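# Reading the structure
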Amino acid sequence: MACFFRRSVARQLAKVCEVSEDALIPLISAVPVSKKQVSADLRVSVSCLLQGGAAPDGDLHTKTQALANQIRRDSVVEDVVAGRGVIHFRLNKLILAQKLLGQLQSDPDGFGVKSELLQHLQGGRTLVEFSSPNIAKKFHAGHLRSTIIGNFIANLKKALGKEVIRVNYLGDWGMQFGLLGAGFERFGSQEKLKTQPLEHLFEVYVQVNREAECDESVHSAAAGFYRRLVQREDQAMALWTQFREITVLEYKRIYQRLGVDFDHYSGESLHDGQTQSVLEELTAKRLLKTSEKGTGVVDLSGTGDMSSYATLVRSDGTSLYLTRDVAAALDRKQRFGFDEMIYVTDKSQIAHFQQLFHILAAMGHQWAERCRHVAFGLVQGMSTRRGEVVFLEDVLEEARSRMINNMTQSRTSKVLEDPEQTAERIGISALIIQDFRGPLMSDYKFDWDKVLQAQGDTGVFLQYTHARLCSLLRTHASDTYSCCDVSPLTDSRSVSVLQHLLRYDEVLLQSANDLQPRHLVNFLMTLSHLVASAHRELPVKGSPAATAQARLCLFSSVRSVLASGMRILGITPVDKM
Ligand code: ARG
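Keep in mind the model is a prediction, meaning the values are calculated, not measured. (Residues numbered from 1 in each chain as written. Predicted model: local features only at pLDDT ≥ 70, side-chain atom pairs only at ≥ 80, totals over all residues.)

### Details of the overall build of the protein
Threshold: A run of DSSP states H or I qualifies as a helix once it reaches four residues; a run of E qualifies as a strand once it reaches two. Both are numbered from the N-terminal end. Any residue whose C-beta has 12 or fewer other C-beta atoms within 10 Å is treated as exposed, any with 20 or more as buried, and any in between as partly exposed, C-beta atoms being built from the backbone. For every residue pair, C-beta atoms are placed from the backbone, and the pair is scored as a contact if these atoms sit within 7 Å.
Per the secondary structure count, the protein includes 23 helices and 16 strands. Along the three orthogonal principal directions, the C-alpha set of the protein runs to about 85 × 65 × 35 Å. By the burial criterion, 42% of the 577 residues in the protein qualify as buried. Of the contacts formed within the protein by residues at least 6 apart in sequence, a portion of 72% connects residues at least 24 apart.

### Focus: the confidence of the model for the protein
As a reminder, the rule being used: Each residue carries a pLDDT score, the predictor's own confidence in it, on a scale running from 0 to 100.
Summing up the model confidence of the protein, the mean pLDDT is 92 and the portion of residues at 70 or higher is 96%. Here the prediction assigns the complex a pTM of 0.95, and the interface score ipTM is 0.99.

### So, the site of the ligand
Operational definition: Here is the check we use: build the C-beta atom from the backbone, and if it is within 6 Å of the molecule or strand, call the residue near. Charged means Asp, Glu, Lys or Arg here, nonpolar means Ala, Val, Leu, Ile, Met, Phe, Trp, Tyr, Cys or Pro, and polar covers whatever is left, Gly included.
Around the ligand sit Glu 129, Ser 132, Asn 134, Tyr 169, Gly 171, Asp 325, Tyr 343 and Thr 345, and those are all the residues in its vicinity. Considering only residue class, the shell around the ligand consists of two nonpolar, four polar and two charged.

### Looking at helix H1 (residues 4-14)
Inspection of H1 places Phe 5, Arg 6, Ser 8, Val 9, Ala 10 and Leu 13 among the buried residues, and these make up the whole buried set. Those residues of H1 hidden inside the fold are in contact with helix H2 (21-24), strand E1 (28-30), strand E2 (42-45), strand E3 (77-82) and strand E4 (86-91).

### Here's the deal with the sheet that holds E4
Where we set the bar: Between any two strands, at least two bridges found by DSSP are needed for them to pair. For helices, the fitted axis covers only the stretch in contact; all axes are lines through C-alpha atoms, and the angles between them, taken along N-to-C directions, range from 0 to 180 degrees.
One open sheet accounts for four strands, arranged E1-E2-E4-E3; its pairing is antiparallel. Each having just a single partner strand, E1 and E3 make up the two edges of the open sheet. Recorded for the sheet is a direction-independent mean angle of 25° between the axes of neighbouring strands. Sheet analysis places E2 next to E4, joined by four bridges and oriented antiparallel. Its bridge partner being in E4, Val 44 is matched across the sheet by Ile 87.

### Re the domain arrangement of the protein
Here is the rule: Boundary definitions for the domains trace back to an automatic or database domain assignment.
You can read the domains of the protein as domain 1 (4-91) and domain 2 (383-569). Computed from C-alpha atoms alone, the centre-to-centre distance between domain 1 and domain 2 is 33 Å. Looking at the side of domain 1 that touches domain 2 residue by residue, the class counts come to three nonpolar, one polar and one charged.

### Section: the environment of Lys 285
Note on placement: Lys 285 falls in the loop between helix H13 (275-284) and strand E8 (288-290). Residues Lys 285 and Val 574, spaced 289 residues apart in sequence, show a C-alpha to C-alpha distance of 56 Å.

### Considerations on unusual backbone geometry
In this structure, Arg 232 takes a positive phi of about 55° despite not being glycine. Take Arg 232: it is sitting in the loop between helix H10 (216-230) and helix H11 (234-258). Unusually for a residue other than glycine, Met 306 sits at a positive phi of about 60°. Relative to the elements of secondary structure, Met 306 occurs in the loop between strand E9 (296-299) and strand E10 (309-313). What makes Met 306 partly exposed here is the crowd of 13 C-beta atoms within 10 Å.

### Some remarks on the nonpolar core
Looking at soluble globular proteins, one finds that nonpolar side chains tend to be buried together. Using the following cut-off: For this analysis, nonpolar core means a set of buried Ala, Val, Leu, Ile, Met, Phe, Trp, Tyr and Cys residues linked through C-beta atoms within 7 Å.
Counting 152 residues, the largest nonpolar core has Leu 42, Ile 149, Ile 153, Leu 180, Val 558 and Leu 569 as its most contacted members. With twelve residues, helix H23 (residues 545-569) is the single largest residue contributor to this core. Summarising the domain contributions, this core has at least three residues from each of domain 1 (4-91) and domain 2 (383-569). In this structure, Ile 153 is in contact with Val 128, Ile 342, Val 344, Val 374 and Leu 515, ignoring residues within four places of it in sequence.

### Quick look at the sheet that holds E8
An order of E8-E9-E10 is seen for the three strands of this open sheet, with the pairing classed as antiparallel. Edge positions in the open sheet fall to E8 and E10, since each of these has one partner strand only. The average undirected angle you get between the axes of adjacent strands in this sheet is 40°. Alignment of E8 against E9, held across three bridges, turns out to be antiparallel. Looking across to E9, one finds that Leu 288 is bridged to Val 298. Against the sheet, H13 contacts E8, E9 and E10, and its axis sits at roughly 90° relative to E8.

### So, helix H17 (residues 419-436)
To be explicit about the condition: Given the number of residues in a helix, its expected span is that number minus one, multiplied by 1.5 Å.
End to end, H17 covers 25 Å across 18 residues, agreeing with the expected 26 Å (1.5 Å per residue, within 8%). Among the 18 residues in H17, 15 count as buried, and that is most of the element.

### Some points on the packing of H17 against helix H19 (residues 459-475)
Heads up, the rule is: To sort the angles, those under 35 degrees are grouped as roughly parallel, those over 145 as roughly antiparallel, those from 65 to 115 as roughly perpendicular, and the leftovers as oblique.
Running from amino to carboxyl end, H17 crosses H19 at an angle of 130°, the nearest separation of the two axes being 7 Å. With respect to H19, the axis of H17 lies oblique. Contact residues: H17 offers Ile 426, Ser 429, Ala 430, Ile 432 and Ile 433, while H19 offers Gly 459, Val 460, Leu 462 and Gln 463. Classifying every residue of the contact of H17 with H19 gives six nonpolar, three polar and no charged.

### Description of the pairing of E3
Sheet topology places E3 next to E4; five bridges connect them, and they run antiparallel. Considered in E4, the bridge of Val 77 is made with Leu 91. If you look at the hairpin formed by E3 and E4, you'll find three residues sitting between the two strands, and Gly 85 has a positive phi there, around 70°.

### Comments concerning the environment of Gly 565
Among the secondary structure elements, Gly 565 is positioned in helix H23. Judged by local crowding, Gly 565 falls into the buried class, with 22 C-beta atoms found within 10 Å. In sequence terms Gly 565 and Leu 156 are 409 residues apart; their C-alpha atoms lie 9.3 Å from each other. Setting aside anything within four residues of it in sequence, one finds Gly 565 in contact with Leu 520, Phe 523 and Leu 524.

Okay, structure coming up:
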């Protein structure tokens, strides 16, 4: 029943205008519950229907009226009303409840995601590269954002039926590894590396950088170590491999707490060796030129005047971050045969990815058009009790301990089997929602108190709504509420919830198009508010059996939509809190 109601409207509409039923489907949208002036459920904008562009206002009005009058009503489409340039359709509420709840009971996981509206997005392989921290350096708020945004994009693509490859591209190569290696040889400890790997590597890196400032010999030691790495000298490589392996193991453990995983831990080191053949290809294609400074550059001006260019080789012949990215993209295309590739980083790298895509296109790779950079803004003031955030785990600890504290105060934690885990899940949801509420490109100021509030549109509120529905369903577990008589659900509260559910596929489509999670977040918040008032006004206990059953059916359906939406966002719904 992927698009039963849009289909029903499209069928009637197709009879009176020159647009096919299939082409009409995406033009028909659900009327947002909050904006409801008429009791309509679906609408279509008339200017979209009229071929040849928008008609003058007066004309449009007459046309809207005329069209609305011609459309036949039937058992599903009960009424058709002309508005300002739009036609509103009122659906039979009994059929609305029957169809939506019926589908939600029989195939809860398919609801929304299997809609006809989203069919064109199915199939194919998407590579999402995200998180991508740098070994021995800080895991800053930007890496956290990349992690949760990339995870959301991967989840969404997967839910919509794509094959998804999740790649973490570690900063695991470059001159800084000369410094790190030289530093470790001086004051590193194998003991500490085993017990506190990330802390210790960071510590060594900070210290060696400090010493390098006033001690020239550190520089030459670093250069020496890096040379040994580039030449793949055994001892140096063994140390570097140890740093990398230990870091990946640690990250895997921490990502697991966040509910994130990767199919591949790639990194700059894996592609450094491929840069030479990239440069040869660029030379053969006459794209690589030598600048006056002796660097290797690619002209990106489009006019050939070098007014804009990218550097791919330093004057000493070594490659750069960008060179390794070109190599990595080519290698991924060959190994994974992706249809689209998405990179998630903060907005400071917008120019970098524009250059990357430009170079790939100049090399003749048409798939460069299907590479996309999802950029996001900066987060200010994310700190924990230990100070500025350096390690991902600190953020998780802070979220958990603050949440535990809030829960103890409201004394809800006593009923929980594992309050620590629940607190962590809720804390993480709070972080995610805070981050996903606005456009990804905007910067925001981080505030723990605001993030963890139970009221307002927060992750805590979302979890609370879900947990309350679970509790209600647990209390009445003995009643069967699998498909029942839905006629008691024609009151305005229930209808609002159903009308809102009608929008789910549109919202998923919106998020799939612009890769912005806020559409889904807003949808789930409104759903939570609507179901909260339905819960208040529509008691189950004490109601006649048929009414109680129908209401439970509604509540269980909302719970499952809430849970699937939360999971796409990267949130694990809790059953109790
Ligand atoms: N490691 C980089 C950083 O921390 C991000 C890597 C982004 N991905 C890429 N393919 N360049 O800034």
